[in-house]
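Working through the structure, step by step
What follows is the residue order along each chain.
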2 protein chains.
Amino acid sequence: MAVGPARGTRRERSRLPAAQRREQIIAATTALVAERGFWGLSMQDVADDCGLTVPGLLHHVGSKDGLLVAVLEHRDAEDVRSLEAALGVPREAASLRELCAALVRRNAAQPEIVRLFTVLAAESLAPDHPAHDYFVARQRTVLVGLATAAKGTCPDPDALARLVMATMDGLQLVWLRDPGTYDLVAMWEEAAAALFGASA
Amino acid sequence: MAVGPARGTRRERSRLPAAQRREQIIAATTALVAERGFWGLSMQDVADDCGLTVPGLLHHVGSKDGLLVAVLEHRDAEDVRSLEAALGVPREAASLRELCAALVRRNAAQPEIVRLFTVLAAESLAPDHPAHDYFVARQRTVLVGLATAAKGTCPDPDALARLVMATMDGLQLVWLRDPGTYDLVAMWEEAAAALFGASA
DNA sequence: CTCCTTACCTAGTACTTAGTAGGTAGTAAG
DNA sequence: CTTACTACCTACTAAGTACTAGGTAAGGAG
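Computed from a prediction, not measured in an experiment: that's the story for all the values here. (Residues numbered from 1 in each chain as written. Chains lettered and ligands numbered in written order. Predicted model: local features only at pLDDT ≥ 70, side-chain atom pairs only at ≥ 80, totals over all residues.)

Within chain A, the secondary structure is distributed over 9 helices and 0 strands. Reading chain A from its N terminus to its C terminus gives the helix and strand order α-α-α-α-α-α-α-α-α. Out of the 200 residues belonging to chain A, those deemed buried represent 38%. (Helix = DSSP H or I, 4+ residues; strand = E, 2+ residues; numbered from the N terminus. Buried ≥ 20, exposed ≤ 12 C-beta atoms within 10 Å, placed from the backbone.)

A few words on the protein's contact with DNA strand C. For DNA strand C, the set of nearby residues contains 21 residues, the closest of which are A:Ser42, A:Met43, A:Pro55, B:Pro55 and B:Gly56. Mapped by element, the contributors of at least two residues to the surface near DNA strand C are helix H2 (43-50) and helix H3 (54-61) of chain A together with helix H1 (18-36) and helix H3 (54-61) of chain B. When the residues that make up the surface near DNA strand C are grouped by side-chain class, the tally is 10 nonpolar, 6 polar and 5 charged. (Near = placed C-beta within 6 Å. Nonpolar A, V, L, I, M, F, W, Y, C, P; charged D, E, K, R; others polar.)

Turning to the interface of chain A and chain B, a few remarks are in order. Listed per partner, the contact involves 35 residues of chain A and 35 residues of chain B. Within the residue set of the side of chain A that touches chain B, elements represented by two or more residues are helix H1 (18-36), helix H6 (111-123), helix H7 (132-150), helix H8 (157-177) and helix H9 (184-196) of chain A. Looking at the side of chain A that touches chain B, the element that brings in the most residues is H8(A), giving 13 residues. In terms of residue class, the side of chain A that touches chain B is built from 20 nonpolar, 6 polar and 9 charged. (Contact = placed C-beta atoms within 7 Å.)

Next up on the list: the protein's contact with DNA strand D. Residues in close proximity to DNA strand D total 21 residues, the closest being A:Pro55, A:Gly56, B:Ser42, B:Pro55 and B:Lys64. Of all the secondary structure elements, the ones that give two or more residues to the surface near DNA strand D are H1 and H3 of chain A together with helix H2 (43-50) and H3 of chain B. Here the residues of the surface near DNA strand D sort into 10 nonpolar, 6 polar and 5 charged.

Quick look at the nonpolar core now. By size, the foremost hydrophobic cluster in this structure holds 110 residues, and its most contacted members are A:Val164, A:Leu171, B:Val164 and B:Leu171. The residues contacting B:Leu171, other than those within four sequence positions of it, are A:Ala166, B:Leu184, B:Met187, B:Trp188 and B:Ala191. (Core = buried A, V, L, I, M, F, W, Y, C linked by C-beta atoms within 7 Å.)

Our next topic: the relation of the copies chain A and chain B. The operation relating chain A to chain B is a screw motion whose rotation component is 180°, with 0.0 Å of axial translation and a residual RMSD of 0.0 Å. Here the symmetry operator amounts to a two-fold rotation axis. Both copies share a contact surface, since 100% of the interface residues of chain A are interface residues in chain B too. (Least-squares fit on C-alpha atoms with pLDDT ≥ 70 in both.)

Right, let's talk about helix H4 (residues 64-87) of chain A for a bit. Residue and element names in this part refer to chain A. Here H4 spans 35 Å end to end across 24 residues, near enough to the 34 Å set by a 1.5 Å rise per residue. Within H4, the full set of buried residues consists of Leu67, Leu68, Val71 and Leu72. Those residues of H4 that are buried are in contact with H1, H2, H3 and H7. Two residues or fewer past H4, Gly88 is found with a positive phi of approximately 80°. (Expected span 1.5 Å × (residues − 1).)

Our next topic: the packing of H1(A) against H6(A). Residue and element names in this part refer to chain A. Where H1 meets H6, the closest approach of the two axes is 8 Å, and the angle between their N-to-C directions is 55°. Taken together, the axes of H1 and H6 are oblique relative to one another. Taken as a pair, H1 and H6 cross one another with a handedness that is left-handed. On the side of H1, the interface is formed by Thr30, Ala31, Val33 and Ala34, while H6 contributes Glu112, Ile113, Arg115, Leu116, Val119 and Leu120. Along the lines of polarity and charge, the residues of the contact of H1 with H6 split into 7 nonpolar, 1 polar and 2 charged. (Axes fitted to C-alpha atoms, helices over the stretch in contact; angles between N-to-C directions. Parallel < 35°, antiparallel > 145°, perpendicular 65-115°, else oblique. Left-handed = near helix turned anticlockwise from the far one by under 90°.)

On to H8(A). For H8(A), with 21 residues, the first-to-last C-alpha span of 30 Å sits near the 30 Å given by 1.5 Å per residue. Of all 21 residues making up H8(A), 18 are buried, and the element is well covered by its neighbours.

On to the environment of A:Gly51. With respect to the secondary-structure elements, A:Gly51 resides in the loop between H2 and H3. A sequence separation of 59 residues divides A:Gly51 from A:Gln110, and the C-alpha atoms of the two residues are 25 Å apart.

We now examine the environment of B:Thr30. Residues and elements named next belong to chain B. Counting through the fold element by element, Thr30 comes out in helix H1. Separated by 16 residues in sequence, Thr30 and Val46 have C-alpha atoms that sit 9.6 Å apart. Ignoring anything within four residues of it in the chain, the contact list for Thr30 reads Val71, Glu112, Ile113 and Leu116.

Further remarks concern the environment of B:Ala150. All names here are of chain B. Structurally, Ala150 can be placed in helix H7 (residues 132-150). Residue classification places Ala150 among the buried positions, given that 22 C-beta atoms sit within 10 Å. In this structure, the C-alpha to C-alpha distance between Ala150 and Glu35, residues 115 residues apart in sequence, is 35 Å. In this view, Ala150 contacts Leu96, Pro157, Leu160 and Ala161; residues no more than four positions away in its chain are not counted.

Residues and elements named next belong to chain A. Running from N to C, H7 and H8 point in directions that differ by 120°, and their axes come no closer than 8 Å. As the angle between them shows, H7 and H8 are arranged oblique. Viewed along their axes, H7 and H8 form a crossing whose handedness is right-handed. Facing H7, whose interface residues are Val142, Leu143, Leu146, Ala147 and Ala150, H8 presents Pro157, Asp158, Leu160, Ala161, Arg162, Val164 and Met165. Tallied by class, the residues present in the contact of H7 with H8 amount to 10 nonpolar, no polar and 2 charged.

By themselves, these are just geometric observations and shouldn't be taken as functional.
Below you can see the structure in the form of structure tokens.
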């Protein structure tokens, strides 16, 4: 889990270029937030995992909130990039069913990231959570995106979008709670059959 | 939000019988955990909301973990009681569809409790979370209960149970994120139509 | 009224938290 | 080699963390 040496181990600390250090910080933070949530996250733990001191860490991210922002921005950029690559077409051109299948496949391959979002999404329901606005906005844009993809293929695209989103998030919870037992992709296929009709 | 006077306000503190104080503590904790999660919960905040000092609070619950246990046990007892009352029959006798409808109606009426479970369910994905085992066990028993109710009415009761659970949890997230915009009961009815077939 | 249980307090421990001020040393450009 | 930059440090503050030891006083039982 640790990305660098622990605080105790007195290994000479390496000096990294800012971009590279930032990447390392984001990786460590992602893991820790997935484990503890943002309220349970400590700068000290992140710093330890990176082989830094806390002020050294603050030099890069400014504050604890800045740390969270960095992680979320990074994930967003990454997501758009990788999703378009997986689909092979700009995501507006894909059907809802293809879009979902691609999303689920990607998520199934990176449980840690999914957990980060699951934990943070729940925690940020509180209006004063630093990621609250981010997740409200995210939900809206995702729903719009899904509804757009559904348009024409069903009577009520908005309702279907909500259902699809809810089902995906819910299945991820079931899956993460008992990762050995369940298969996310298989569960989604069952769900898709119910949501989109049994037709291929 | 505060159930009692704040720490600053020097009002004479009332002495309550243990059972009553416990109830108050559980109510305050429920609200705070829903807001901050367990990692973000502080004994001081709970104590303040109850008009107690921290050691006064610890006298009743023993430790921070004890506090969480008290809340979860209380909720479980309450849930079973109220669900059987709402159904009018022991819950083994109800159909899956009725069971779900009753659950959703109840949840729609107490968003704060739903948020408590949503936040805690996500946070407790981490294996060392004090409520981890509780939520793993809970998921299993709920899935078994749902599958039992589904038995005979569909080809794969286990799969349907997972889908139903995922959809309910997911819809609650959508709902809680934007409570003014969405109607949980209406969304569930759309979902039920897709999951159980359009038949009444 | 007295005794005794118990709800709750004060005081203090040992530790962690985010964040600041100001300095040092590695590195790259000129 | 020198200058400028910057990644990162030590040392510190002020506050919050869960929790303990031991005492006080309220309320009911006798």
